[in-house]
Amino acid sequence: MSDKLHSTLQRQLRRTALLDDELTQEKFDAFLQRISASYKEAEETRYTLQRSMELSSEEMRDLYNDLKQTSAKLVEAEQSKLHAVMESLDHGVCTVSPKGEILFLNSAAKRLFGTSPTHYQDMLRRFVPVSAQGKKLDPLALAKKALRGEHLLDYSATLQRSSNDRIKVLASLSPLLCKGSDRAEGLVLTFHDRTQHNQMMRNLSVALEAANQAAQAKGNFLATMSHEIRTPLNGVIGMLDLLLASSLTQEQNKFASIAKSSGESLLRIINDILDYSKLEAGKVQLETAEMDPLAIANDVASVLRPKAQASGLPVDVTVAPGLASSCKADAGRIRQVLFNLVGNAIKFTDQGSISIHVASLYPVTRSRNGSFFLRFEICDTGAGIPTEKIPSLFTPFMQLDASTTRTHGGTGLGLSISGALVRQMGGEMEILSEVGHGSTFSFSVEVQPNDLVVQERRRQGERREKLLEESNDENFSLALLVAEDNHTNQIVIDAMLRRLGYSDITIAEDGKKAVALASERQFDVILMDCMMPELDGFEATKTIRSSAGQVASIPIVALTANAMEGDREKCLAAGMNDYIAKPVSLDSLRQTLQRVFQQTILASTK
Amino acid sequence: MQVFSSSYTNDRWEPPLPTIDSDAILGFVFADPAYFDDPTPFETLTTTYSTIKLIGCSGAGEIFKDQVQEESVVVALVTFDNARFAVIHEQLESPEDSYHVGSSIASQLLADDLQAVWIASDGLGVNGTALAAGFNEKLPPSVSLSGGLAGDGDRFDRSWVVIDDKPRTSFVSAVGLYGDSLQVTCGSEGGWQPFGPVREVTKSDNNILYEIDGKPALELYKRYLGERAEGLPATALLFPLQISDDERSLVRTILAVDEEQQSMTFAGDIPQGAQVQLMRSTLDTLIKGAEDAATNWNSQTATDALCLAVSCVGRRLVLGQDCDEEVEATYASLGDNSHQIGFYSYGELAPTGFQPCDLHNQTMTLTLLTER
C-alpha cells in the first residue's frame, strides 16, 4: 500500500516511523507537522513561481515596448535626417515602385514638375528624354532598363510642366537597390533644371561673338586707319622727295630732310601697327615661294651693315654645313623678322659684333611632306637682357624701360610682330641672353623642300666638302651622339655643333636610348647630359664603360647644368673624359671637343 | 581503503564507533551549527582514536547516506591501504586574506605525489573566489581540488570549521591526499535556469552588489520575493544570479543583505559591468542536476569508496522536505561498498569542464575518493 503513495508522503511516514511499531500521539503529531510543512512548502513554491513568472513577463513586455519605442524613434530620426537631406537638394528626386506608383517626390521635384504627376504613366508622358544625337527616346524603355539594374546617367530631357510651360532638364534614372538585394525595388529619377545653365551658355556664346566682333572691328578700324594715314603720308614723303630734288637753300634742305626722315619714321610706325593689327585679326596670308635662306640673310646684312658700321659693328653671316640652298617659304616675312632682330641687335649693341647664323634642322621624326626647319641665330655683344625681363619682350608696346625707349625709339611692336610671324610660320622664337655679354635671338620656321630636293642634297654635300677643306679640320667627318632630354637644348647643341662644322649628329632623348644607340653604331664621341630620365648620364656612362668591345672606350663629354665644384670630379669618376658646364658656349664646345680628340689620337698612337 | 560512517544524535554515535587498527585515521566530519557550543562528539572521536585527524565544518543540514538530517553530526572514518594524507589549517583574519591563505596552505601541502586537495572553509568571513584562486596559483592542474564553505542553517550568522577537535570560526582547513593508489573524481551541477531580462551590474565592490540597471539590487529581489522578502537573506537563495562574461558563466548566491546600504553580499565576486540574469529552479531540475553531478564515475570500486556531497543551502530551501530526493539520487549512483556523507553549504569549490577550481553556488558538488 505505502509503495503507491507519493514519495514525499512515503518519506514522511518513514521519517516519523508512523507505521513502525505502535502509533503514538507524539508520532502522529510529528507526521501532521511534516504534512503541514509540505503543504506550506508547496504553497510557497507555487507563490514564488507564479510571482516570478508574472514579474518577468511584465519586465519582458516593458522591455519589448521600450525596444519598440526606441527603435521606432531611431528609425524616425534617421528618416527625418534623410528627408531633410532630400528636401535640401536642388535636384528633383522621385522614387517609383515597380508597379508604377510614385512613392516619393522631394520638394525640388514638385517645384520642377509644377503640377505633381499622379502616376508614373503621367510622369512618363511629361518627361521626354533626348539622346546625345537629339533623338527622342522612349522613357518607358529607359525605365525598364533601369528596373533591370542599369544606371542611366545624365540624359537631356524636356519636362512638360503644364500645357504651355516646358523646361530642359538633365536627368538620371537608376534602379532602387536596397542593401543585400540585387533586385530593383523601384526606380529613382533625379533631375535638375538646365534652363538657367542653357541660358548662361547662350549668353556666353553671344558675349563671345560680340567680343570677337568688337576685336574684328578694332582690327578693321586700325587697318583702315593705318591705310588712310599711309596714303596721305606717302604723298607727304613723295612731295618732300620732290622738294629735296629741287634747288633749296641749305637751311631749307636741312628742314626738308628732317621732315622727310620724320615722315619715314611715322610711316614705319604705321606699317608696324598695320602689320600687328593684321596679325591680330588673323589676316596675314603667308606666300610660299622658292627662296634661298642664305641669300635672305646676306640681303638683310648688307642692308643693315651701313648702319652697323656707323657704330663700328661688323655684321657677319655664317652658314651651318648642310644648309639647304633652296626651299619654299614666305621669304618676305622671314626677311621682316630678320630685319627686326638684326636691327634690334645693332640698336642695342655699343661695341663688338653682330652675327647671323643660318642652319637647316631636320626633325627627329621626319614629317610626311619632308618639311624641315630653317634656323636663324642673331648674336650680339650688347648689354644683354635680364632673364626675368625676357617674357615681357613680346608684349606689344613694351620696351625694357622708359629710358631705353627714349634712347632707342621705336613702337615696341617689333618683337611682338616678329614673334607672331614666326609662330604663324610654325616656329618659335628663343632668346638666350647674359647681362653684360650679349644676346642670341634665334628662330626656326618650318619650310617645305623645293622640287629639286635630290639635286639640293648633292649640292649640300659639295658645300660640306668645300667647308671641310676650308676648315682644314678632319674632325668634321666624325660621328657625334648627343644624349639630351630637353628639346630646346637638343636644338641648341645641334645648331652649335653644325656651326662648328659637324654634320653627323644623332640625338638620343635619354640615357637608355644613348646606351642603345652607342651599341648599335660606332660613334666618335658622346656628349652626355647628366640629368636625364630613365637613365642619367652617370649611369649611362658606367653602362657604356662596362660593356664589351670598342664602344667601352668611346670618349664621353659631360654636359651639365650643375656648375658646382666637384662636378668635374664626379663626371670623371663616372668614367667621362671631359666636362662642359651649361650654358654651353661655342668656344667651350670647340675647345673641349678638340681636347678630347687630341687625347684620343694620342692614346691611339701610343 | 576502508571507510566507516556514523551519525551522532541524542548524545550517541549510531552505529557505534568501532575499534580501528591504524595510527593514520582521517575523519571527515559535518555538524549542525549548534555544536559550536558543544564539541563533545568531536572529543569522543579524538579520545577514541588518539591519532585521528579531523576535517570538517558546520552546515545547513547534514547528509548521511541517502538522507538529510538536522541537529546531528556525521562522520566518515577513512584509513588508506597505501595513500597518505596531511591536514593543514590557517586562520582568516579577514575576507581579504582569502587568496593569501589559499596559496599558503597549498604550498604547505604541495608534494610530487599530491593527488587531491579537499577544502573546508569558513562560509561567511571568506571570499571564496579569491580562496580558490590562491589554491590554483600553487597547485598544478593535475591535482584534484574541491570542497565547500561552511554553513549556518538559514541564519547566515556564524559558520565554523573543525580545527583539531574544536569548532572555530574564521578558519580554512584542507586535507592533501598523496599516492598513486588514490582515485579522486569530482562532479558539480546546478539545475538552475536563467529567466527574465538580462541586466547589467552598474555598481558593485568585489562581492558586494549595490545596483543593477541603475537601481538598488535589493529592491529587485524584494519585488520578486513579494511576501517572502520577510525571509531575507535566506529567501534570496531562491533567485541566484547568473554572471556571464565572454568566457563563461557562473552562479552566485547571496550571503547577507544590508538594508541601510540597500546592498547584498554574495559568496563570490560580482564584477561591475557584468551581465547578470536571475535564475530559478524546480524540484525536477535540481534533482536532475544532482544526478548529473554523479554521472561519469565508476560505481564498482576495488575498495571502499567515500562520496563527499556538498550541496548548496539554496537548493535545500527550494527543495524543502524533498531535499532527500537529491541525496537519494546521488546515493543511488554509488556502488555497494560506498559511503556518502556531506553537508549543505554556503558555497561549493570544484573545477568545471576545462576551467580550474572555482567557487560555485547553488550546485550539488560531489568528490568521490577511492583506492585502487
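Because the structure is predicted, anything quoted here is derived from the model rather than measured. (Residues numbered from 1 in each chain as written. Chains lettered and ligands numbered in written order. Predicted model: local features only at pLDDT ≥ 70, side-chain atom pairs only at ≥ 80, totals over all residues. Heavy atoms only, no water.)

Q: Please explain the interface of chain A and chain B as it appears in this structure.
A: Often the size quoted for an interface is simply the accessible area lost on bringing the parts together. Taken together, the contact between chain A and chain B spans 24 residues of the former and 24 residues of the latter. Between chain A and chain B, the buried area comes to about 2000 Å², and carbon and sulfur atoms account for 44% of it. Here chain A and chain B share 9 salt bridges between them. Between E328 of chain B and R14 of chain A there is a salt bridge, and its shortest N-O distance comes to 3.6 Å. (Contact = heavy atoms within 4.5 Å. Buried area = accessible area lost by both parts, 1.4 Å probe. Salt bridge = Lys/Arg side-chain N within 4 Å of Asp/Glu carboxyl O.)

Q: Even after reading the chapter, I still don't get the environment of G128 of chain B, so can you show me in this structure?
A: Residues and elements named next belong to chain B. As for its placement among the helices and strands, G128 is situated in helix α3 (residues 128–138). With 138 residues separating them in the primary sequence, G128 and F266 have C-alpha atoms 9.8 Å apart. Ignoring sequence-local partners within four residues, the contact set of G128 consists of A267, L349 and L359. (Helix = DSSP H or I, 4+ residues; strand = E, 2+ residues; numbered from the N terminus.)

Q: Help me understand the sheet that holds strand β27 (residues 355–360) of chain B, please; the structure alone is not making it clear to me.
A: Strand pairs in the sheet, formed through backbone hydrogen bonds, run parallel or antiparallel to each other. Residue and element names in this part refer to chain B. Spatial ordering of the open sheet is given by β8-β13-β9-β10-β26-β27, a layout of 6 strands whose pairing is mixed. Unpaired on one side and paired on the other, β8 (84–91) and β27 mark the two borders of the sheet. The mean inter-strand angle of the sheet, taken between neighbouring strand axes irrespective of direction, is 15°. Contacting β8, β9 (114–121) and β13 (171–178), helix α2 (residues 98–109) runs over the sheet at an angle of about 155° to β8. Sitting on the sheet, α3 is in contact with β9, β10 (144–149), β13, β26 (347–352) and β27, with an inclination near 155° to β27. (Pairing = 2+ DSSP bridges. Axes fitted to C-alpha atoms, helices over the stretch in contact; angles between N-to-C directions.)

Q: Quick question: what am I supposed to make of the domain arrangement of chain B here?
A: Residue and element names in this part refer to chain B. Once the domains are mapped, chain B shows domain 1 (2–189 + 284–371) and domain 2 (193–280). Taking the mean C-alpha position of each, domain 1 and domain 2 sit 27 Å from one another. The interface is formed by 19 residues belonging to domain 1 together with 17 residues belonging to domain 2. Roughly 1600 Å² of surface becomes buried between domain 1 and domain 2 when both sides are summed, with 56% attributable to carbon and sulfur atoms. (Domains from an automatic or database assignment.)

Q: Just checking my understanding: could you explain the sheet that holds strand β24 (residues 305–312) of chain B for this structure?
A: Residues and elements named next belong to chain B. Ordered in space as β6-β5-β25-β24-β28-β14, the 6 strands form an open sheet in which the pairing is mixed. On the outer flanks of this sheet lie β6 (67–69) and β14 (182–189), each paired with one strand and no other. In this sheet, neighbouring strand axes are inclined to one another by 20° on average, regardless of whether the strands run parallel or antiparallel. Against the sheet, helix α5 (residues 283–293) contacts β14 and β28 (364–371), and its axis sits at roughly 160° relative to β14. On top of the sheet, helix α7 (residues 323–332) reaches β5 (62–64), β6, β24, β25 (338–345) and β28; it is set at about 145° to β25, its chief contact.

Q: Even after reading the chapter, I still don't get the pattern of salt bridges, so can you show me in this structure?
A: One side chain can pair with another of opposite charge once the charged atoms of both are near each other. Under the defined criterion, the tally for this structure stands at 35 salt bridges over all chains. For K81 of chain A, the salt bridge is made with E78 of chain A, and the minimal N-O distance between the two is 3.2 Å. In this pair, K81 of chain A and E78 of chain A both sit in helix α2 (residues 25–88), 3 residues apart, roughly one turn of the helix. On the accessibility criterion, K81 of chain A (53% relative accessible area) is exposed. Members of the salt-bridge network, linked through shared partners, are R11, R14 and R15 of chain A together with D322, D324, E325 and E328 of chain B. (Buried < 20%, exposed > 50% of the residue type's maximum accessible area, 1.4 Å probe, protein only.)

Q: Quick question: what am I supposed to make of empty space enclosed by the protein here?
A: Space left empty within the atom packing is revealed by a probe, the size of a water molecule, rolled over the atoms. Residues and elements named next belong to chain A. In total, this model carries 1 cavity of 30 Å³ or more according to the counting rule given. A volume near 150 Å³ is recorded for the largest cavity. Taken together, 14 residues make up the lining of the largest cavity; nearest its centre are F127, P129, L142, L173 and L189. Those elements that place two or more of their residues in the lining of the largest cavity are α4 (120–126), β3 (127–130), α5 (139–147), β4 (152–162) and β5 (165–175). Of the residues belonging to the lining of the largest cavity, the class tally is 13 nonpolar, 1 polar and no charged. (1 Å grid on protein atoms, 1.4 Å probe; cavity = no way out; pocket = protein on both sides within 12 Å on 5 of 7 lines; lining within 4 Å. Points joined across faces, edges and corners; volume = space filled by probe spheres on them. Nonpolar A, V, L, I, M, F, W, Y, C, P; charged D, E, K, R; others polar.)

Q: How should the layout of surface pockets be read in this particular structure?
A: Size it by volume and the second largest pocket reaches roughly 1100 Å³. Lining the second largest pocket are 42 residues, with E41 of chain A together with D154, R316, L317 and G320 of chain B sitting closest to its centre. Of all the secondary structure elements, the ones that give two or more residues to the lining of the second largest pocket are α2 of chain A together with β6, α6 (313–319) and α7 of chain B. The dominant element in the lining of the second largest pocket, judged by the number of residues it contributes, is α2 of chain A, at 11 residues. Residues belonging to the lining of the second largest pocket are distributed by class as follows: 12 nonpolar, 12 polar and 18 charged.

Q: Looking at this model, I keep getting lost on α5 of chain A. Mind explaining?
A: At 3.6 residues per turn, the α-helix brings residues three or four places apart onto the same side. All names here are of chain A. When α5 is considered as a whole, its buried residues turn out to be P139, L142, A143 and A146. The arc that holds every buried residue of α5, seen down its axis, measures 100°, which confines them to one face. Taken together, the buried residues of α5 touch α4, β3, β4, β5 and β6 (187–193). For α5, the N-terminal cap is D138; the gap from its side-chain oxygen to the backbone nitrogen of L140 is 3.1 Å. Backbone geometry just downstream of α5 places G149 in the positive-phi region, at approximately 115°. (Arc of directions from axis to C-beta. Polar contact = N/O pair within 3.5 Å; in protein donor to acceptor, adjacent residues only side chain to side chain.)

Q: Please clarify how a nonpolar patch on the surface should be interpreted in this entry.
A: Together, L23, F28 and L32 of chain A give the surface a local cluster of nonpolar side chains, amounting to about 280 Å² of exposed area. Considering the arrangement of structural elements, one finds F28 of chain A in helix α2. (Patch = residues over 30% accessible without salt bridge, like charges linked within 9 Å, V, L, I, M, F, W, Y side chains within 5 Å. Areas by Shrake-Rupley, 256 points an atom, 1.4 Å probe, with all protein chains shown as cover.)

Q: Looking at this structure, I do not really get the pairing of strand β23 (residues 275–280) of chain B. What am I missing?
A: Working note: regular strand, side chains alternate between the two faces of the sheet. Residue and element names in this part refer to chain B. Sheet topology note: the strand β15 (residues 193–194)/β23 ladder contains 2 bridges and is antiparallel. The partner of Q193 across the bridge, within β23, is R280. Two elements, strand β16 (residues 199–205) and β23, share 2 bridges in a ladder whose sense is antiparallel. Each residue of the ladder has a partner; that of R199, found in β23, is V276.

Q: Can you help me understand the confidence of the model for chain A in this one?
A: Reading predicted coordinates in detail is not appropriate for stretches of low pLDDT. Residues and elements named next belong to chain A. Across chain A, the average pLDDT comes to 81, with 88% of residues at 70 or higher. Confidence, expressed as mean pLDDT per element, reaches its minimum in chain A at helix α10 (residues 402–408) with 46 and its maximum at α2 with 92. Counting contacts from residues 402–407, a segment whose pLDDT is below 50, to residues more than four positions away or on other chains yields 3 contacts. (pLDDT = per-residue confidence, 0-100.)

Q: How should I be thinking about the environment of S142 of chain B in this particular structure?
A: Residues and elements named next belong to chain B. Along the chain, S142 turns up in the loop between α3 and β10. For S142, a relative accessible area of 64% gives the class exposed. Linking S142 and S107, residues 35 residues apart in sequence, is a C-alpha distance of 15 Å.

Q: Sorry if this is basic, but what is going on with the side chain of H357 of chain A here?
A: All names here are of chain A. Its place among the elements puts H357 in strand β10 (residues 354–361). In terms of polar contacts, H357 uses its side chain to reach the side chain of T318, at 2.6 Å. Each residue touching H357, except ones within four places of it in the same chain, is listed here: T318, V319, A320, R375, F376, E377, A495 and R499.

Q: How should the packing of aromatic side chains be read in this particular structure?
A: Each aromatic ring pair is summarised here by two numbers: the centre-to-centre distance and the angle between the ring planes. Residues and elements named next belong to chain B. This model, assessed by the stated rule, comprises 16 aromatic pairs over all chains. Ring plane angle 45° and centroid distance 6.5 Å describe the contact between F36 and W160, whose orientation is recorded as tilted. You can see F36 sitting in the loop between β3 (26–31) and α1 (40–48) and its partner W160 sitting in the loop between β10 and β11 (161–163), a full 124 residues away along the chain. On the accessibility criterion, F36 (24% relative accessible area) is partly exposed. Note on W160: relative accessible area 0%, which makes it buried. Between the aromatic rings of F195 and F239, the centroid separation amounts to 6.0 Å while the plane-to-plane angle is 45°, which identifies the pairing as tilted. (Phe/Tyr/Trp six-rings, centres within 6.5 Å; stacked < 30°, edge-to-face > 60°.)

Q: What is the right way to read the nonpolar core from this model?
A: A general feature of soluble globular proteins is that nonpolar side chains tend to end up buried together. With 81 residues, the main nonpolar core has V117, I119 and F135 of chain B as its most contacted residues. In this structure, I296, I334, L374 and F441 of chain A belong to the second largest nonpolar core, which totals 47 residues. (Core = buried A, V, L, I, M, F, W, Y, C linked by side-chain atoms within 4.5 Å.)

Q: Would you mind showing me how to read the state of the cysteines here?
A: Put plainly, two cysteines are in a disulfide when a covalent bond ties their sulfur atoms together. Residues and elements named next belong to chain A. Applying the stated rule across the entire model yields 0 disulfides over all chains. Not part of a disulfide, C178 finds its nearest cysteine sulfur in C94, a span of 16 Å. With a relative accessible area of 34%, C178 lands in the partly exposed category. (Disulfide = S-S within 2.5 Å.)

Q: I tried to follow the pairing of strand β4 (residues 53–58) of chain B on my own but got confused; where do I start?
A: All names here are of chain B. Most of β4 sits inside the fold, with 5 of its 6 residues counted as buried. Bridge count for β3 against β4 is 6 bridges, and the pairing is parallel. Of the residues in β4, the one forming a bridge with L26 is K53. Between the parallel elements β3 and β4, the chain passes through α1 in a crossover that is right-handed. (Right-handed = clockwise from strand over helix to strand, strands pointing away.)

Q: I would appreciate a short explanation of helix α8 (residues 293–310) of chain A in the present structure.
A: Residues and elements named next belong to chain A. With 18 residues, α8 extends 26 Å from end C-alpha to end C-alpha; this agrees with the ideal 26 Å at 1.5 Å per step. Roughly 45° is the biggest bend found in α8, and it falls at L304, with proline P306 one to four residues downstream. Looking only at α8, the buried set comprises P293, I296, A297, V300, A301, L304 and A308. In this fold, the buried residues of α8 make contact with β7 (289–291), β8 (315–319), β9 (327–329), α9 (331–347), β10 and β11 (372–380). Sitting at the amino-terminal end of α8 is D292, which places a side-chain oxygen 3.1 Å from the backbone nitrogen of L294. Looking one or two residues past α8, G312 carries a phi angle of roughly 75°, positive in sign. (Expected span 1.5 Å × (residues − 1). Bend = angle between axes of the 7 residues up to and from the residue.)

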